[in-house]
Amino acid sequence: TIDSHLCQEQLIEACKMVAGAVEKIVLAAQAACGDDDALHDLGAAATAVTEALNLLIVQIKKGVQMDNIAQYDEACEAILAATDRLFSAMGNAQEMVKQAKILAEATSSLVNAIKREAQDERDHDARKRLLDAAKALADATSKMVEAAKIAAKNPNDDEAQEQLRLAAEHLRAVVNAAASSPLKKKVIKKLEMAAKQAAAVSTQLIAAAQGA
């Protein structure tokens, strides 16, 4: 699928191979044909193919954004699952700490996904909201990690476990707030636009190739 780095690399390499083949066709025609009009038409068609290929490569690279969405979804699911297991493990400090570690890894992944989105955001206010969301998640994660450390050192302390539960509950609330924000809708809208552009470029590429 297009969200696979290997698939993206293969598609880009295929585009480059097509561009190289078109260039060879043009060179061969120039060497064998003396019809200026025909050569002009061939050159125009070849240019159209090359431009379409370049645009297609750009759209393929935009497929990386799908990785960001996938990471966002996976992180949110992992966070919800880990917090559920942590809540269910009350009384078992070892299991609670284990789930807290999983939770920390998932939120770190989510923070990175949001920061990448912020880097691509041109609107100052939108970028600030994204960075604020990332900071809130990072802060909540840090507090949860500290609570997990205390619970690990005091496995028989009910209060330490309760504090860990509360910290995880707070972190989950922060994640839910981020998930209900315009963040995800915004990224999905970008993907929809990229998909439409890719379809248009593909149509242009086919038409140009037929013309060549």
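Since this is a predicted model, take the numbers as computed values, not measurements.

Enquirer: Teacher, can you tell me more about the overall build of the protein chain here?
Expert: A count of helical and extended segments in the protein chain gives seven helices and zero strands. Start at the N end of the protein chain and walk to the C end: the helices and strands fall as α-α-α-α-α-α-α. For the protein chain, buried positions account for 34% of its 212 residues. Pairs at least 24 residues apart make up 76% of the contacts formed inside the protein chain by residues separated by at least 6 positions.

Enquirer: How should the environment of Ala 93 be read in this particular structure?
Expert: Note on placement: Ala 93 falls in helix α4 (residues 93-120). The spatial distance from the C-alpha of Ala 93 to the C-alpha of Ala 160 is 8.9 Å, given a sequence separation of 67 residues. Each residue touching Ala 93, except ones within four places of it in the same chain, is listed here: Ala 151, Pro 155 and Gln 161.

Enquirer: Is there a simple way to think about the pattern of salt bridges in this case?
Expert: Opposite charge on two side chains permits them to pair, given that their charged atoms come into close proximity. Inspection of every chain in the model, using the stated rule, returns six salt bridges. Asp 132 serves as the salt-bridge partner of Lys 128, at 3.0 Å between the closest nitrogen and oxygen. Taken together, the residues span about one helical turn, with Lys 128 and Asp 132 both in helix α5 (residues 124-153) at a distance of four residues. What makes Lys 128 partly exposed here is its relative accessible area of 46%. Here the residues in one salt-bridge network are Glu 162, Arg 165 and Glu 169, joined through shared partners.

Enquirer: Any chance you could explain the nonpolar core here in plain terms?
Expert: The nonpolar side chains of a soluble globular protein tend to be buried, and buried together. Core analysis: the biggest nonpolar cluster contains 32 residues, and Leu 103, Leu 110, Leu 137, Met 144, Leu 164, Leu 171 and Val 175 have the highest contact counts within it. Every element with two or more residues in this core is listed here: α3 (64-88), α4, α5 and α6 (158-179). Element by element, the count of residues in this core is highest for α4, at ten residues. Ignoring any residue separated from it by four or fewer positions in sequence, one finds Leu 110 in contact with Tyr 72, Ala 75, Cys 76, Ile 79, Leu 137 and Val 175. Of all hydrophobic cores here, the second largest spans eleven residues; its members include Ile 12, Val 22, Ala 29 and Leu 42.

Enquirer: I keep staring at a negative patch on the surface and nothing clicks. Help me out?
Expert: On the surface, Asp 35, Asp 36, Asp 37 and Asp 41 cluster together into a patch of negative charge. Of note, Asp 36 is situated in helix α2 (residues 36-62). The class for Asp 36 is exposed, based on a relative accessible area of 60%.

Enquirer: Help me understand the packing of α4 against α5 in this model?
Expert: How two helices sit against one another is set out by the angle between their axes and by the gap between those axes. Between α4 and α5, the shortest axis-to-axis distance is 9 Å and the interhelical angle comes to 165°. Classified by the angle their axes make, α4 and α5 are roughly antiparallel. Judged by the twist between their axes, the crossing of α4 over α5 is left-handed. Across from Ala 93, Val 97, Ala 100, Leu 103, Ala 104, Thr 107, Leu 110, Val 111, Ile 114, Lys 115, Glu 117 and Ala 118 in α4, the residues of α5 making contact are Arg 127, Leu 130, Leu 131, Ala 134, Leu 137, Ala 138, Thr 141, Met 144, Val 145, Ala 148, Ala 151 and Ala 152. By residue class, the composition of the contact of α4 with α5 is 19 nonpolar, two polar and three charged.

Enquirer: I tried to follow α5 on my own but got confused; where do I start?
Expert: An α-helical segment advances 3.6 residues per turn. Residues three or four places apart therefore align on the same side. Under the 1.5 Å per step criterion, the end-to-end length of α5 is 44 Å for 30 residues, consistent within 8% with the ideal 44 Å. Within α5 the residues assigned to the buried category are Ala 126, Leu 130, Ala 134, Leu 137, Ala 140, Thr 141, Met 144, Ala 147, Ala 148 and Ala 151.

Enquirer: Please clarify how the environment of Ala 134 should be interpreted in this entry.
Expert: Turning to its location among the elements, Ala 134 is positioned in helix α5. Sequence-wise, Ala 134 and Val 111 are 23 residues apart; in three dimensions their C-alpha atoms are separated by 5.1 Å.

Enquirer: Sorry if this is basic, but what is going on with the confidence of the model for the protein chain here?
Expert: One rule of thumb: low pLDDT means the predicted coordinates there are not for detailed reading. For the protein chain, per-residue confidence averages 76 on the pLDDT scale, and 74% of positions sit at 70 or higher. Within the protein chain, helix α7 (residues 182-211) has the poorest average pLDDT of any element, 49, and α5 the best, 91.

Enquirer: Is there a simple way to think about the side chain of Gln 161 in this case?
Expert: Along the chain, Gln 161 turns up in helix α6. Sequence-distant contacts of Gln 161, that is, excluding residues within four places in its chain, are made with Met 90, Gly 91, Asn 92, Ala 93, Met 96 and Pro 155.

Criteria and cut-off values
Residues numbered from 1 in each chain as written. Predicted model: local features only at pLDDT ≥ 70, side-chain atom pairs only at ≥ 80, totals over all residues. Heavy atoms only, no water. Helix = DSSP H or I, 4+ residues; strand = E, 2+ residues; numbered from the N terminus. Buried < 20%, exposed > 50% of the residue type's maximum accessible area, 1.4 Å probe, protein only. Contact = heavy atoms within 4.5 Å. Salt bridge = Lys/Arg side-chain N within 4 Å of Asp/Glu carboxyl O. Core = buried A, V, L, I, M, F, W, Y, C linked by side-chain atoms within 4.5 Å. Patch = residues over 30% accessible without salt bridge, like charges linked within 9 Å, V, L, I, M, F, W, Y side chains within 5 Å. Areas by Shrake-Rupley, 256 points an atom, 1.4 Å probe, with all protein chains shown as cover. Lys, Arg positive; Asp, Glu negative; His and termini not counted. Charge placed at Lys NZ, Arg CZ, Asp CG, Glu CD. Axes fitted to C-alpha atoms, helices over the stretch in contact; angles between N-to-C directions. Parallel < 35°, antiparallel > 145°, perpendicular 65-115°, else oblique. Left-handed = near helix turned anticlockwise from the far one by under 90°. Nonpolar A, V, L, I, M, F, W, Y, C, P; charged D, E, K, R; others polar. Expected span 1.5 Å × (residues − 1). pLDDT = per-residue confidence, 0-100.

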